Amino acid sequence: LDVSTNTKITELLLVNNKNLTSIDVSHNKMLANLELGDNDGLTNLDISNTSIPGIDIAQSTAITDLRISNTIFTELDLSKNEALVHLTANNTALTKLDLGSNHALATIVLTNNTALSSLNVMNTLLSTLDVSTNVNISMLNLTNTTKVLSLDLSLNINITSLNAEGTALNSLIIKNKNNTSIANFQTANSPNLTCILVDDATYSAKNWTAIGSKTRFSDTNCNN
């Protein structure tokens, strides 16, 4: 179903369309309500650039590709959508995003979600994670994300909690000029992480002890 050019639609009721596989209502700025219900076959949903304040897709468990960019969403519950592989959510009003149940998740795009304060991507299949424009993130959990190799948090000055245990990280930059605000820091069981770039190596070594036995801190250069 493609109604992306029907800009006068204000409401769509698409409950129990068992054979529906794709819905594209993007760029329908007048669309303020979309009801899906039990759509067993739905795999692709694009509601970007609409006025929908939120959506319930708990019964549409086959969704693999979800796009919600440029919406006014403040909340998004994806706990039942375990098949989700791709999520694009640029420029939303989301404050918290919990993807801990989305173990098949491989790509996520979160550009310019300035309201986002909490992000949980633990146990996912993500290979990259870019939160450089999510400047208000305070809690980040990527425990057991075994494909993300590098993480740069140098622009995330509001980070207070980072859990990166059991990862494949070989590069972590958290030199953000506000390391003293970080109360929780965990990178244990990440064997490839031999050096972490920080504000003050002495401070980090004293206060952040939940790290691997082969991990060291540096405030100058991790290449040596």
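In the block above lies the structure referred to throughout.
Because the structure is predicted, anything quoted here is derived from the model rather than measured.

## Here's the deal with the sheet that holds strand 8 (residues 107-109)
Backbone hydrogen bonds are what pair the strands of a sheet, in a parallel or an antiparallel way.
Consideration 1: Spatial ordering of the open sheet is given by 2-4-5-6-8, a layout of five strands whose pairing is parallel. This sheet does not close on itself; its edge strands, each paired only once, are strand 2 (22-24) and strand 8. Strand-to-strand twist of the sheet, defined as the mean angle between neighbouring strand axes without regard to direction, takes the value 5°.
Consideration 2: Sheet topology note: the strand 6 (residues 86-88)/strand 8 ladder contains three bridges and is parallel. Paired with Leu87 across the strands is Ile108, a residue of strand 8.

## Focus: the sheet that holds strand 16 (residues 216-218)
Consideration 1: Read across the open sheet, the four strands follow the order 11-13-15-16; overall the sheet is parallel. Of all the strands in the sheet, the pair left with one neighbour each is strand 11 (150-152) and strand 16. The sheet shows a mean angle of 20° between the axes of neighbouring strands, taken without regard to direction.
Consideration 2: Pairing of strand 11 with strand 13 (residues 171-173) involves three bridges; the strand directions are parallel. Across the sheet, residue Asp152 finds its bridge partner in strand 13, namely Ile173.

## A short note on the pattern of salt bridges
Consideration 1: Applying the stated criterion to the full structure yields three salt bridges.
Consideration 2: Between Lys18 and Asp38 there is a salt bridge, with its nearest N and O atoms 2.9 Å apart. In this pair, Lys18 sits in the loop between strand 1 (11-13) and strand 2 while Asp38 sits in the loop between strand 3 (33-35) and strand 4 (44-46), placing the two residues 20 residues apart along the sequence.
Consideration 3: Put simply, Lys18 and Asp40 hold a salt bridge, and the shortest N to O gap is 3.3 Å. Taken as a pair, Lys18 in the loop between strand 1 and strand 2 and Asp40 in the loop between strand 3 and strand 4 lie far apart in primary sequence, 22 residues in all.
Consideration 4: Relative accessible area serves as the criterion here: at 41%, Asp40 is assigned to the partly exposed category.
Consideration 5: One network of salt bridges, with partners in common, ties together Lys18, Asp38 and Asp40.

How each quantity is defined
Residues numbered from 1 in each chain as written. Predicted model: local features only at pLDDT ≥ 70, side-chain atom pairs only at ≥ 80, totals over all residues. Heavy atoms only, no water. Pairing = 2+ DSSP bridges. Helix = DSSP H or I, 4+ residues; strand = E, 2+ residues; numbered from the N terminus. Axes fitted to C-alpha atoms, helices over the stretch in contact; angles between N-to-C directions. Salt bridge = Lys/Arg side-chain N within 4 Å of Asp/Glu carboxyl O. Buried < 20%, exposed > 50% of the residue type's maximum accessible area, 1.4 Å probe, protein only.

By themselves, these figures tell us nothing about what the structure is for.
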